[in-house]
Structures are given as structure tokens and as C-alpha cells.
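Now for the letters of each chain:
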Amino acid sequence: MNRLTGIILTKNNKNTIKSAISSLMFADEVIVIDSGSSDGTLEIIKSFNVKLVEQEWLGYAKQKQLGVDMAKNSWVFVLDSDEVITDELREEIEATLKNPSKDGYFVPRKNIYFGKMLNYGLYPDRHIRLFNKEKGGFINRSVHESVKVDGKVGYLKHNMIHYAYESIDECIDKFNEYSTLGAKNNLFKRIFSPYWIFFRFYILKLGFLDGWHGFITAKLYKDYTFWKYTKADPKFKTNFPPNDTK
């Protein structure tokens, strides 16, 4: 079987980091990159037999690529600190690594928003997380980093679990950060994309079956999309107070 390196980024994730690391301990090597935790996260990490790297924040893509570059093994799995690999997914990863037919694999993710697991709407929320680093790596972008694989890509069947947001306030704060980092001035998308996002998540992908959580999540993504395409518009920026106050 091909050997595996697991990679986790963290900062002040004391509530979720233990579960994340525990679920990845089947890997032959685990690298945890911390960017300045001060809430007890480091003490939890040090209780595991993992490689701890303390690194100032470089950005989402660069920080994850740092872990990929440090990996001793060709095959890597990149896990966020608020995610967990299920037993079923672990077994599927181990079976896949015995004789991988692809160079990278999309992994589906079930999201827990405000205490409820969303089975529709956002699902399957697939991301390439398992890949051969000789064939792929992270695209350098400020937000919503992703892996590009120069080769064949497949799909795993079993899910990761993502403990996304405990509250609506937390989600709004994060979406505000993301919409600023990924801001683009695009009038067409500003007008039409938010409504498409809501329709896609809530209607086409049956988000309404997740009840009020499905509605609120679709609405939050609609708002996030609007702000992403609005914040970079120069007409909404000014220097305040003006130089001439007379």
C-alpha cells in the first residue's frame, strides 16, 4: 500500500482539533501546521504523535502547500481542523491506496451548520483532498483554495464531516472575510449570481428538505455572493474624512 501523509491547518481550534487529528491518525505521517494558536490548541496537538509546525499565516493556499511540500510521502490527504474523516472514508482511503487508479480523488463532505447536518443543498460539496503530490498541488488564490491535478481524477464515495459554523453570527463573520478576500467587481454577476446561487442550493439541490437550516444557508450564500461581486467596485469606496472639511 502507498504510504500516506495527513496535513491539517489550525489556529485556535481547541473545540475541533482533537477529533480532526484522531480521525487522521491512520496515516503514516501527520503534519499539523499552526499559525499562532493561543487558546490551548497547541497543548492538544502536542498530546498526539504528530509533527507540529508553527508557521505565521501565509494564506490558505500557501499554508496548505507548505504542508504538501513537507510531506515525506507522495500521497497526501489535506484535512481542515474542523473536519473529521469517518471510519467508512478511512477504509475507502486505505483500500484506494493499495492500488490507486487515479492521481487525485474528490471527497464528498457533509456540512453541519448551526447544529444540523445538511443532507441536501450544499451536499455533496466535493473537494480534491487525496492526491499524489507529484501530480498535483494547491492553486495559489486568496480564498477558496483548491487542488489542481495534472492527471486522472476520481471520486471517493464516503463522506468527510465538516463542523462548519456553530452560529449564524460566526458564519456571517467568515463570509464577510471571504467576500473581502475574493472580491471582484462584476456588475452582471452582482445582479444575477446571488439569485442563481439561492435557486441552485434551495430548489435544484433540494435544500428545502433541510428545513429552516436549508433556507438560511441558501440565503447566507446568496448574500455572500452579492457582496463578493460588490466590494471591489470603486464607486463604493471613498476616503473619509475628506481632505477638505471646510
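Everything numeric here is computed off the predicted structure, so don't read it as measured data.

A.B. asks: Honestly, the nonpolar core in this entry has me stumped. Any pointers?
C.D. replies: Proteins that are soluble and globular tend to have nonpolar side chains buried together. Ranked by size, the top nonpolar core spans 25 residues in total, and within it F77, I93 and L130 carry the most contacts. The set of elements that each furnish at least two residues to this core consists of β1 (4-10), α1 (17-24), β2 (29-34), α2 (41-46), β4 (75-80), α4 (87-98) and β6 (104-107). Formed by 19 residues, the second largest nonpolar core is a distinct cluster that contains Y60, L122, Y178 and Y224.

A.B. asks: Can you walk me through helix α3 (residues 60-70) in this structure?
C.D. replies: In an α-helix, one full turn covers 3.6 residues, which means residues spaced three or four apart are oriented alike. Looking at α3, one finds that the buried residues are Y60, A61, Q63, K64, Q65, G67 and V68. Packing partners of the buried residues in α3 comprise β1, β2, β4, β9 (127-132), β10 (136-138) and α5 (168-181).

A.B. asks: Help me understand α5 in this model?
C.D. replies: Spanning 14 residues, α5 covers 20 Å between terminal C-alpha atoms, matching the ideal 20 Å at 1.5 Å per step. The complete set of buried residues in α5 reads C171, F175, Y178 and S179. What you see down the axis of α5 is that its buried residues fit within an arc of 95°, all on one side. Seen from the open side of α5, the exposed residues pointing more than 90 degrees away from its buried face are D169 and D173.

A.B. asks: I would appreciate a short explanation of the sheet that holds strand β3 (residues 51-54) in the present structure.
C.D. replies: Remark on secondary structure: sheet strands pair via backbone hydrogen bonds, oriented parallel or antiparallel. If you trace the seven strands from one edge of the open sheet to the other, you get β3-β2-β1-β4-β9-β6-β12, paired in mixed fashion. Bordering the open sheet on either side are β3 and β12 (153-155), each of which pairs with just one other strand. Sheet twist, expressed as the average angle between the axes of neighbouring strands with direction ignored, equals 25°. Both β6 and β9 contribute to a ladder of four bridges, which runs antiparallel.

A.B. asks: Could you clarify how one ought to interpret the pattern of salt bridges in this entry?
C.D. replies: Two side chains bearing opposite charge may form a pair once their charged atoms approach each other closely. On inspection of all chains with the given rule, the structure shows 13 salt bridges. Between D28 and R3 there is a salt bridge, with its nearest N and O atoms 3.7 Å apart. On the criterion of sequence distance, the pair formed by D28 in the loop between α1 and β2 and R3 in the segment before β1 is long-range, its members being 25 residues apart. Residues R109 and E83 are paired through a salt bridge, measuring 2.6 Å at the closest nitrogen-oxygen approach.

A.B. asks: What's the story with a nonpolar patch on the surface in this structure? I'm lost.
C.D. replies: Judged by side-chain polarity, Y120, W196, F199, I203, L204, L206, F208 and L209 come together as a nonpolar surface patch covering roughly 730 Å² of accessible area. Mapped onto the elements, L204 comes out in helix α6 (residues 187-204).

Parameters at a glance
Residues numbered from 1 in each chain as written. Predicted model: local features only at pLDDT ≥ 70, side-chain atom pairs only at ≥ 80, totals over all residues. Heavy atoms only, no water. Core = buried A, V, L, I, M, F, W, Y, C linked by side-chain atoms within 4.5 Å. Buried < 20%, exposed > 50% of the residue type's maximum accessible area, 1.4 Å probe, protein only. Helix = DSSP H or I, 4+ residues; strand = E, 2+ residues; numbered from the N terminus. Contact = heavy atoms within 4.5 Å. Expected span 1.5 Å × (residues − 1). Arc of directions from axis to C-beta. Pairing = 2+ DSSP bridges. Axes fitted to C-alpha atoms, helices over the stretch in contact; angles between N-to-C directions. Salt bridge = Lys/Arg side-chain N within 4 Å of Asp/Glu carboxyl O. Patch = residues over 30% accessible without salt bridge, like charges linked within 9 Å, V, L, I, M, F, W, Y side chains within 5 Å. Areas by Shrake-Rupley, 256 points an atom, 1.4 Å probe, with all protein chains shown as cover.

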